[in-house]
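# Per-entry structural report
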Amino acid sequence: MELIQNTPDLSAYLAADEVIDHHHPLVRETAARLAEGVVDSYGYARAAYEFVRDTVPHSQDAGDPRVTWRASDVLELRTGICHAKAHALAALLRAEDIPTAFCYQSLLHDDDGDDGGDDGGSGHVVHGLVAVRFNGAWHRQDCRGNKPGVDAQFSLDGERLAFPVDLQSNEVDYPVLYAEPHPVVLSALKAAPDRPHLWKTLPTAL
């Protein structure tokens, strides 16, 4: 699949805003700590990915009802669904001048609510991940967090995503690389009082 930037301006994939607030002291401090001991930007990207994947529990896996969406809040509260964790990872990567995009899949949810749950009966839910740019190419990464049956890894040599799509189940890999989180996803996150409510309002497709 060819990944397509929604803007040709690469600097847009380094920007900070109210969601990807990589100017926030906590984001800067976390980035500086992760940068210690790594030899290059690739090593930093892997360290940041593994930090978000492994130390910020996916709220469904942890049974945490809180909803986060701002990167600094995700890092402070150490909780979030896939979209929130993608926001945190993007902030850490952009803090070290690594272009980072947001990308999405539409996946068939399972019974334990993998970024889905009761989504109103359609059976699908939009799942969020990021793409990083190295050596002139984009590479998708999924930091939602591993568990039995899910083994996502940071990789620039072939994707190691949490959920490869199943076309027979009408799952979709969206090729667009967004410089900002998709507004429909972000609106659902901001409006949700808790995660059970969020499961009912997350988009099923883009």
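The structure displayed is predicted, hence computed values, not measured ones.

### Observations regarding unusual backbone geometry
Backbone geometry places Asp97, a non-glycine residue, at a positive phi of 60 degrees. Turning to its location among the elements, Asp97 is positioned in the loop between α5 (82-95) and β2 (100-108). Using a relative accessible area of 62% as the deciding quantity, one classes Asp97 as exposed. Despite not being glycine, Asn170 has its phi angle at roughly 60 degrees, a positive value. By the secondary structure assignment, Asn170 is in the loop between β4 (137-141) and β5 (172-173). Look at Asn170 and you get exposed, because its relative accessible area is 58%.

### Brief notes about the pattern of salt bridges
Counting across every chain of the model gives 10 salt bridges. Between Arg66 and Asp64 there is a salt bridge, with its nearest N and O atoms 2.8 Å apart. Of the residues examined, Arg66 reaches a relative accessible area of 37% and is grouped as partly exposed. Classification of Asp64 as buried rests on a relative accessible area of 14%. Residue Arg160 is joined to Asp151 by a salt bridge in which the shortest nitrogen-to-oxygen separation is 3.5 Å. Arg160 gets classed as partly exposed once you look at its relative accessible area, which sits at 38%.

So, how was this worked out
Along each chain, the written sequence defines residue order, and numbers are assigned to residues from 1. At least 70 in pLDDT is required for a residue's local features to be given in this predicted model, at least 80 for side-chain atom pairs to be given and counted, and no such filter applies to totals for whole chains, interfaces and linings, which use all residues. Remark: hydrogens and water are excluded; side-chain values derive from all non-hydrogen atoms of the structure. A helix here means a DSSP run of H or I that spans at least four residues, while a strand means a run of E at least two residues long, and both kinds are numbered starting from the N terminus. Only protein chains enter the accessibility calculation, which uses a 1.4 Å probe. A residue is then buried if its area is under 20% of the maximum for its type, exposed if over 50%, and partly exposed in between. Between Lys or Arg on one side and Asp or Glu on the other, a salt bridge is scored when a side-chain nitrogen of the former is within 4 Å of a carboxyl oxygen of the latter.

Interpretation note: all reported values are geometric properties and have no functional meaning in isolation.
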